[in-house]
Amino acid sequence: MAADFSVAVVGATGLVGETMVSVLEERGFPLRELHALASERSVGRSVSFRGRNLPVRELASFDFSGCDFALFSAGAAVSREHAPRAAAAGCIVIDNTSEFRYRDEVPLVVPEVNLEALDGFGRSGIIANPNCSTIQLVVALKPLHDAAELERVDVATYQSVSGAGREAVEELARQSIAALSGQGPIATAGGARQMAFNCVPHIDAFQDNGYTREEMKIVWETRKILGLPGLRVNATAVRVPVFYGHSEVVQIETRRSLSAAAARHLLENAPGVTVLDEPRLGGYATAATEAAKRDTVYVGRIREYLPPYRGLNLWIVADNVRKGAATNSVQIAEALARRPI
């Protein structure tokens, strides 16, 4: 990546946007200039980059024609309005919202899994970053599918509050303090369940089929990324009182027999994966101790189904803000930056 690029981060004052800026710096992305963009109410703030404070500029009036890449993470409504405008100006858009993920002309990309999908991004000028839970799932599933061909995937997610943004992180801290201080019933807004010291089986809006949209995202996106439109995928999404890092219990069935030992070997050699799988106290990754603040997808508790059934059980953990959002977006930009101009 010899060339220097101009990059805009849209939603730069949000949790994911701030992390995008940090990841660009950490990974040494070849930047000529960085533009921190947000709504009018954030103008006057700044973000830290390479030892200096960058002023936040207003998105609505920004001219994207001088930018090579725009990393969007400011909500679907913002992307709906401004991502096509950026793409029309010749800027490559990498969008972290759900706005474009299910459009046929927009690639949905996890670099360790389906980098070849980038070949088709020119039709729209937009590339979609998948849902955080889907990213860590497909990074682990890809090598197993290549070896034995997936037939079924059942997943239960245990998702940290940072998946809902900075305000949710602050709310969990507030509720935890209140609960530990014995302040009585914890106040919540709009009938929402208490988050502190609780598990809530509800993320995003309920759909007509009884599943939530978060659960359906996992179904739709896993099929699209793996190129398996008929794959049987079933998901249950649960919000848990963890600040950073999503955890998943995954059960798979494959067309060809795949032992736990063979799966372990495949995953140990898979890009972006670290296997931590020992049958002892602490012989597995958890969100707080391994995943948080790292870009690795951790896999453990690799077990075969009890006989007479055939399948595998997996435990998958990753940082939802980094690999599940910011880092995956930057990795896409890196892959494009390496391509001949």
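Look a little higher up for the structure.
Going along each chain's sequence as written, the residues are numbered from 1 onward. Per-residue local features are limited, in this predicted model, to residues with pLDDT of at least 70; the limit for side-chain atom pairs, both in listing and counting, is 80 or more; totals at the level of whole chains, interfaces and linings are taken over all residues. Side-chain metrics rest on all non-hydrogen atoms present in the structure, leaving aside hydrogens and water.

**Some points on the overall build of the protein chain**
Applied cut-off: Here a strand is any run of E in DSSP of at least two residues, a helix any run of H or I of at least four, and the numbering for each starts at the N terminus. The quantity called the radius of gyration is restricted to C-alpha atoms. Its globule counterpart is 2.2 Å times the number of residues to the power 0.38. Whether a residue is buried, partly exposed or exposed follows from its accessible area with a 1.4 Å probe, protein chains only, as a fraction of its type maximum: under 20%, in between, or over 50%, in that order. In what follows, a contact means two residues having at least one pair of non-hydrogen atoms within 4.5 Å. Accessible surface is estimated by sampling points in the Shrake-Rupley manner with a 1.4 Å probe; for residues, cover comes only from the protein chains shown. Residues counted as positive are Lys and Arg, residues counted as negative are Asp and Glu, and His and the chain ends are not counted. Throughout, a charge is located at the NZ atom of Lys, the CZ atom of Arg, the CG atom of Asp or the CD atom of Glu.
Of the regular secondary structure elements, the protein chain holds nine helices and 13 strands. On C-alpha atoms alone, the protein chain measures out to a radius of gyration of 20 Å, which is about the 20 Å that the 2.2 N^0.38 rule sets for 341 residues. Across its three principal axes, the protein chain shows a C-alpha extent of roughly 60 × 60 × 40 Å. The buried share of the protein chain, reckoned over its 341 residues, is 52%. Residue pairs in contact within the protein chain that sit at least 24 positions apart in sequence constitute 68% of those at least 6 positions apart. Carbon and sulfur atoms make up 50% of the accessible area of the protein chain, which totals about 15300 Å². Across the protein chain, the centroid of the 36 positively charged side chains sits 1 Å from that of the 39 negatively charged ones.

**Focus: the environment of valine 43**
Turning to its location among the elements, valine 43 is positioned in the loop between strand S2 (31-38) and strand S3 (46-49). Considered as a pair, valine 43 and glutamate 58 are 15 residues apart in the sequence and their alpha carbons are 6.1 Å apart. Residues in contact with valine 43, not counting those within four places in the same chain, are Val56, Arg57 and Glu58.

**Details of the packing of aromatic side chains**
The line we're drawing: Only centres within 6.5 Å qualify two rings of Phe, Tyr or Trp (six-membered ring in Trp) as a pair; their planes then separate them into stacked at under 30 degrees, edge-to-face at over 60, and tilted for everything else. Put simply, a charge is over a ring when the Lys NZ or the Arg CZ is close to the ring centre, within 6 Å, and near the line of the ring normal, within 35 degrees.
One pass over the structure, following the stated rule, counts six aromatic pairs. Arranged with centres 5.5 Å apart and planes meeting at 65°, the rings of phenylalanine 5 and phenylalanine 69 form a pair that is edge-to-face. Taken together, the residues span a long stretch of sequence, with phenylalanine 5 in strand S1 (residues 5-10) and phenylalanine 69 in strand S5 (residues 69-72) at a distance of 64 residues. As far as the burial class goes, phenylalanine 5 and phenylalanine 69 line up, both buried. Between the aromatic rings of tyrosine 102 and tryptophan 220, the centroid separation amounts to 5.2 Å while the plane-to-plane angle is 70°, which identifies the pairing as edge-to-face. With a gap of 118 residues between them, tyrosine 102 in the loop between strand S6 (92-95) and helix H3 (111-114) and tryptophan 220 in helix H6 (residues 213-226) connect regions that are remote in the sequence. Under the relative-accessibility criterion, tyrosine 102 is labelled partly exposed at 28%. Ring pairing ties together the aromatic residues Phe5, Phe29 and Phe69, which thus form one cluster. If you follow lysine 293 out to its NZ or CZ, it ends over the ring of tyrosine 244, 4.1 Å from the centre.

**Quick notes on the side chain of asparagine 313**
Under the convention used in this document: The definition of a polar contact used here is a pair of N or O atoms within 3.5 Å, where within protein one atom must be able to donate a hydrogen and the other to accept one, and adjacent residues in sequence count solely through side-chain atom pairs.
Structurally, the position occupied by asparagine 313 is in strand S13 (residues 312-318). Look at asparagine 313 and you get buried, because its relative accessible area is 11%. At 3.3 Å, the side chain of asparagine 313 and the side chain of glutamine 251 are in polar contact. With near-sequence residues (within four places) excluded, asparagine 313 lies in contact with Val250, Gln251, Arg301, Ile302, Arg303, Glu304 and Tyr305.

**Looking at the pattern of salt bridges**
Counted only if it meets this: We define a salt bridge as a contact between a side-chain nitrogen of Lys or Arg and a carboxyl oxygen of Asp or Glu at a distance within 4 Å.
Under the definition given, this model contains 20 salt bridges. Where arginine 256 meets glutamate 149, a salt bridge forms, and the shortest distance between an N and an O atom there is 3.4 Å. Of the two residues, arginine 256 is situated in the loop between strand S10 (246-254) and helix H7 (260-268) and glutamate 149 in the loop between helix H4 (132-148) and strand S8 (150-159); the sequence distance between them amounts to 107 residues. Residue glutamate 149 is classed as partly exposed on the basis of its relative accessible area of 29%. Note that arginine 264 is salt-bridged to aspartate 277, the shortest N-O span being 2.7 Å. You can see arginine 264 sitting in helix H7 and its partner aspartate 277 sitting in the loop between strand S11 (273-275) and helix H8 (287-291), a full 13 residues away along the chain. A relative accessible area of 18% means that aspartate 277 is categorised as buried. One salt-bridge network, in which partners are shared between bridges, spans Glu149, Glu151, Arg255 and Arg256.

**Considering the state of the cysteines**
Using the following cut-off: Pairs of cysteine sulfur atoms within 2.5 Å are what we label disulfides.
Tallied over the entire structure, the rule returns zero disulfides. Not engaged in a disulfide, the cysteine cysteine 91 finds its nearest cysteine sulfur in cysteine 67; these two sulfurs lie 5.2 Å apart.

**With respect to the layout of surface pockets**
Worth spelling out the cut-off: Using a 1 Å grid laid over the protein atoms alone, points where a 1.4 Å probe fits but cannot get out form a cavity; open sets with protein on both sides within 12 Å along at least 5 of 7 lines form a pocket; any residue with an atom within 4 Å of a point counts as lining. Grid points are joined across faces, edges and corners, and a volume is the space filled by probe spheres set on the points. Ten residues, namely Ala, Val, Leu, Ile, Met, Phe, Trp, Tyr, Cys and Pro, are considered nonpolar, four, namely Asp, Glu, Lys and Arg, are considered charged, and the remaining ones, Gly among them, are considered polar.
In this structure, the largest pocket encloses a volume near 1200 Å³. Together, 43 residues line the largest pocket, and Ser73, Ala74, Gly75, Ala164 and Gly165 are the ones closest to its centre. For the lining of the largest pocket, the secondary-structure elements that each account for two or more residues are helix H1 (15-26), helix H2 (76-88), helix H5 (166-180), H6 and helix H9 (322-337). When residues in the lining of the largest pocket are grouped by element, the largest group, four residues, is from H2. A volume near 490 Å³ is recorded for the second largest pocket. Lining the second largest pocket are 17 residues, and of these Ala168, Ala192, Arg193, Met195 and Arg239 lie nearest its centre. With five residues, H5 is the single largest residue contributor to the lining of the second largest pocket. Its residues assigned to classes, the lining of the second largest pocket comprises nine nonpolar, three polar and five charged.

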